[in-house]
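# Chains, contacts and geometry: an overview
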Amino acid sequence: MKKKRAKAKKKSGLFSLRYLLPAGFFLALSVFLLLGLNRNPNDIPSPLIGKAAPEYALPRLADAPASIGRRALTPDNGNTSAGQASAGADAKGGNDNLVSSQALRGQPYLLNVWASWCMPCLQEHPQMVALAQSHRIRIVGMNYKDQPADARRWLARNGNPYDEIIVDAQGRTAIDFGVYGVPETFLIDAEGRIRYKLTGALSIQTLQDQLLPAIAALENNGQPSGSTSPRPNPAP
């Protein structure tokens, strides 16, 4: 009789354990999913925030339409209009038509990674134009994996908000910045450090609530840092 009771008790324990383990796993999974709902699934923190931006020297987009904003900065810190690229220069460029990260130091600027084939780039473009017209900060456009003629037509049709347009035809510099889709925007301070990153299109709300305060913090010698991430357009 005692053996039968012990055997039944053991069987009952195994039966309970068999159902408790899946229940516990399901409970843990539910907690994990609930916690995940409170986070932005597109939030992609950048390890470069607060660090020096990658060095680059890239060619200008030749024969770009005139800038809506202020005059562009040349590699030797002289002023020239954005449309005054070397005549006949190819957008993949040579060493005589390069814009370097070193030359851009001295004042904060936005680095906006864009392409003519990128739909979210068109969505954010009115905000970029408005920012350019405010003359609040220099805007450098990095034309990403694009055709020069397509980029020029796109700018002629929609307006050119950029003080400089550099061409990353192969996407190698974008990789250095951790870009995996377009558009992406980086706020870079006067010393060449990345202070803010936006992944995805710049909305009016993001411009007002995040980007402009970050720019103001730099103007007040502050140190904004952070990132926000609407959905970007995947790179081709």
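Check the entry above for the structure.
Below: a short report on this structure. Computed from a predicted structure; not experimentally measured.

Okay, the pairing of strand β6 (residues 138–144) next. Of all seven residues that make up β6, seven are buried, and the element is covered over most of its length. Burial along β6 is two-sided: the face carrying Arg138, Val140, Met142 and Tyr144 and the face carrying Ile139, Gly141 and Asn143 are both buried. In the sheet, strand β5 (residues 109–114) pairs with β6 via six bridges, with the strands oriented parallel. Across the sheet, the residue bridging to Trp114 is Asn143, located in β6. On the question of chirality, the crossover connecting β5 to the parallel β6 by way of helix α2 (residues 119–134) is right-handed. Sheet topology note: the β6/strand β7 (residues 164–168) ladder contains five bridges and is parallel. Bridged to Asn143 within β7 is Val167.

Turning our attention to the state of the cysteines. Applying the stated rule across the entire model yields one disulfide. Across the disulfide from Cys118 sits Cys121; the S-S distance is 2.4 Å. Given an S-S torsion of about 90 degrees, the disulfide between Cys118 and Cys121 has right-handed geometry.

Another point: the nonpolar core. Leu111 and Phe177 are the most contacted members of the largest nonpolar core, which has 48 residues in total. Put simply, the parts of the chain that give this core at least two residues each are β5, α2, β6, α3 (148–158), β7, β9 (184–188), β10 (194–199) and α5 (204–219). Sorting elements by how many residues they give to this core places α5 first, with six residues. Apart from residues lying up to four places away in sequence, Leu111 is in contact with Tyr56, Val140, Met142, Ile166, Phe177, Glu184, Thr185, Phe186 and Ile188.

Glycine aside, residues mostly have negative phi angles, and peptide bonds mostly take the trans form. Residue Val182 is joined to Pro183 through a cis peptide bond whose omega torsion reads 0 degrees. Structurally, the position occupied by Pro183 is in the loop between β8 (181–182) and β9. One non-glycine residue with positive phi stands out, namely Lys145, at about 50 degrees. With respect to the helices and strands, Lys145 occurs in the loop between β6 and α3.

Reading guide: rules and limits
Residues numbered from 1 in each chain as written. Predicted model: local features only at pLDDT ≥ 70, side-chain atom pairs only at ≥ 80, totals over all residues. Heavy atoms only, no water. Buried < 20%, exposed > 50% of the residue type's maximum accessible area, 1.4 Å probe, protein only. Helix = DSSP H or I, 4+ residues; strand = E, 2+ residues; numbered from the N terminus. Pairing = 2+ DSSP bridges. Right-handed = clockwise from strand over helix to strand, strands pointing away. Disulfide = S-S within 2.5 Å. Core = buried A, V, L, I, M, F, W, Y, C linked by side-chain atoms within 4.5 Å. Contact = heavy atoms within 4.5 Å.

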